Amino acid sequence: MTAKIINGVAVSAAMRTEIRQRVDVLKQRGVTPGLAVIMVGANPASAVYVRNKIRACAEVGIQSFRYDFPADASPQQVLDLIAELNARADTHGILVQLPLPPQFSISEVLQTISADKDVDGFHLYNVGGLVVGDTVFPPCTPYGVVKLLEHEGIEIEGKNVVVVGASNIVGKPMALMLMQRDATVCICHAKTRDLAQFTILADILVVAAGHPNLILPQMVKTGAVVIDVGINRLPNGKLVGDADFEGLLPKVSYITPVPGGVGPMTVTMLLANTVASAERAAGIAPKH
Ligand code: NAD
């Protein structure tokens with residue numbers, strides 16, 4: 001068996017064409033979707049992410065508003081800006097790039113964003129929606145994974161899914177979204193004993209731990225689907241995921257590469273959430 005390599009760049013491009021068409025419909029109604037991106041400090045990785053998000057907005061016709069604060073900014077300044085953006089009709093999504101400097105309470109910042117503009121899906125209201133299966137804004141990375149699975153026609157219902165990683169932004173929402181689609185879900189994390197005894201059971205294995213070569217071929221069932229969310233920079237500069245990609249290729253049925261798998265989908269789902277927010281504001285039922 002040789003795995004099908006899931007091309008996140010291609011799926012993303014197709015989705016962005018559709019998003020651009022939705023933006024055009026909104027513009028014909030006099031609404032330009034707008035995304036505010038707030039960055040505090042100059043974390044180099046964050047700067048790259050912010051640049052990519054802003055470029056992607058421009059590509060599909062979403063207006064972006066960028067707000068930069070110095071690393072020593074007072075939390076109140078940022079909270080005041082969020083309050084102002086919550087009230088602005090031209091801003092349909094508000095994103096605060098994480099991490100934030102230590103003087104900030106991330107939770108306070110995220111809870112200040114209006115749940116109606118929380119396009120990252122991190123507000124407690126949206127997290128609660130995810131738990132009861134009534135999500136307004138699905139968090140972008142797991143949403144992108146679901147779209148990749150759907151695009152490849154990979155059935156989720158009744159499958160054994162193992163999610164490695166239990167963070168609030170990837171692992172936990174991923175598990176909830178797949179459980180909502182009637183998978184049997186197991187979540188593993190850094191304290192899990194003997195990871196392989198769980199991963200070997202997976203029909204669909206989603207890995208988001210941030211450790212290169214964490215998932216080796218002997219840990220995976222023949223024919224499994226492997227979705228690698230991890231992004232790791234090796235000392236030689238190479239970007240890799242959490243799975244042994246080359247080793248797994250002959251054993252699994254589908255696998256996502258790093259880069260070019262889940263990564264491009266994350267930004268695409270941010271665009272999708274922003275357009276959905278603008279559609280709701282314009283009285284159009286958003287397409288999920
Ligand atoms: P995190 O550090 O917040 O969480 C990592 C999770 O993995 C934790 O639950 C931890 O317990 C678990 N973990 C760590 N080591 C483990 C091990 N040896 N065995 C089992 N579980 C282990 O990270 P995060 O923000 O969830 O991100 C995870 C990875 O995904 C990182 O590499 C990150 O760069 C990447 N990421 C990619 C995208 C994307 O768009 N592709 C988006 C977000 C995060």
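Described below are features of the structure shown in this document. Owing to the predicted nature of the structure, the values given are computational and were not obtained by experimental measurement.

On to the site of the ligand. Around the ligand, a shell composed of 20 residues is seen, among which Ala166, Ser167, Ala190, Ile231 and Thr266 lie nearest. Here Ser167 contributes a side-chain N or O atom positioned 2.5 Å from an oxygen atom of the ligand. With the chains in place, 71% of the 850 Å² that the ligand exposes on its own is no longer accessible. Here the element with the most residues in the shell around the ligand is helix 10 (residues 262–281); it accounts for 3 residues. Residue classes in the shell around the ligand are distributed as 11 nonpolar, 9 polar and no charged.

With that settled, consider the nonpolar core. Core analysis: the biggest nonpolar cluster contains 51 residues, and Leu35, Ile62, Leu149, Leu178, Val206, Ile227 and Val229 have the highest contact counts within it. Of the residues forming this core, the biggest block, 9 residues, is contributed by helix 10. Val229 has contacts with Thr141, Val145, Val170, Val206, Val207, Ala208 and Val262, leaving out every residue within four places of it along the chain. Counting 20 residues, the second-largest nonpolar core is a separate cluster that includes Ala36, Val78, Val109 and Phe122.

Bringing the pattern of salt bridges into the picture now. Counting across every chain of the model gives 8 salt bridges. For Asp90, the salt bridge goes to Arg88, with nearest N and O atoms at 2.9 Å. With relative accessibility at 31%, the residue Asp90 sits in the partly exposed group. Note on Arg88: relative accessible area 26%, which makes it partly exposed. Members of the salt-bridge network, linked through shared partners, are Glu84, Arg88 and Asp90.

As a further point, take the environment of Gly144. Mapping Gly144 onto the fold places it in helix 6 (residues 140–151). As for Gly144 and Cys186, which are separated by 42 residues in sequence, their C-alpha atoms are 20 Å apart. With residues up to four places along the chain from it excluded, the contact list for Gly144 reads Met265 and Met269.

Right, let's get into the sheet that holds strand 3 (residues 63–69). The sheet built from 3 strands is open, its strands ordered 3-2-4 with parallel pairing. Whereas interior strands pair on both sides, the edge strands pair on one side only; in this sheet they are strand 3 and strand 4 (93–96). Ignoring strand direction, the axes of neighbouring strands in this sheet form an average angle of 15 degrees. Strands strand 2 (34–40), strand 3 and strand 4 of the sheet are contacted by helix 3 (residues 75–87), whose axis makes an angle of about 180 degrees with strand 2.

So, on to the side chain of Asp242. With respect to the secondary-structure elements, Asp242 resides in the loop between strand 10 (239–240) and helix 9 (245–248). Here the side chain of Asp242 touches Ala209 through a polar contact of 2.7 Å, landing on its backbone nitrogen. What Asp242 contacts, discounting residues up to four positions off in sequence, is Val207, Ala208, Ala209, Gly210, His211, Pro212, Asn213, Leu214, Ile215, Asp228, Gly230 and Asn232.

When strand 2 meets strand 3, the two strands line up parallel, connected through 7 bridges. Opposite Val40, over in strand 3, you have Phe69 as the bridge partner. Taken together, strand 2, helix 2 (residues 44–60) and strand 3 form a β-α-β motif whose crossover is right-handed.

Conventions and cut-offs
Residues numbered from 1 in each chain as written. Predicted model: local features only at pLDDT ≥ 70, side-chain atom pairs only at ≥ 80, totals over all residues. Heavy atoms only, no water. Near = heavy atom within 4 Å. Polar contact = N/O pair within 3.5 Å; in protein donor to acceptor, adjacent residues only side chain to side chain. Areas by Shrake-Rupley, 256 points an atom, 1.4 Å probe, with all protein chains shown as cover. Helix = DSSP H or I, 4+ residues; strand = E, 2+ residues; numbered from the N terminus. Nonpolar A, V, L, I, M, F, W, Y, C, P; charged D, E, K, R; others polar. Core = buried A, V, L, I, M, F, W, Y, C linked by side-chain atoms within 4.5 Å. Buried < 20%, exposed > 50% of the residue type's maximum accessible area, 1.4 Å probe, protein only. Contact = heavy atoms within 4.5 Å. Salt bridge = Lys/Arg side-chain N within 4 Å of Asp/Glu carboxyl O. Pairing = 2+ DSSP bridges. Axes fitted to C-alpha atoms, helices over the stretch in contact; angles between N-to-C directions. Right-handed = clockwise from strand over helix to strand, strands pointing away.

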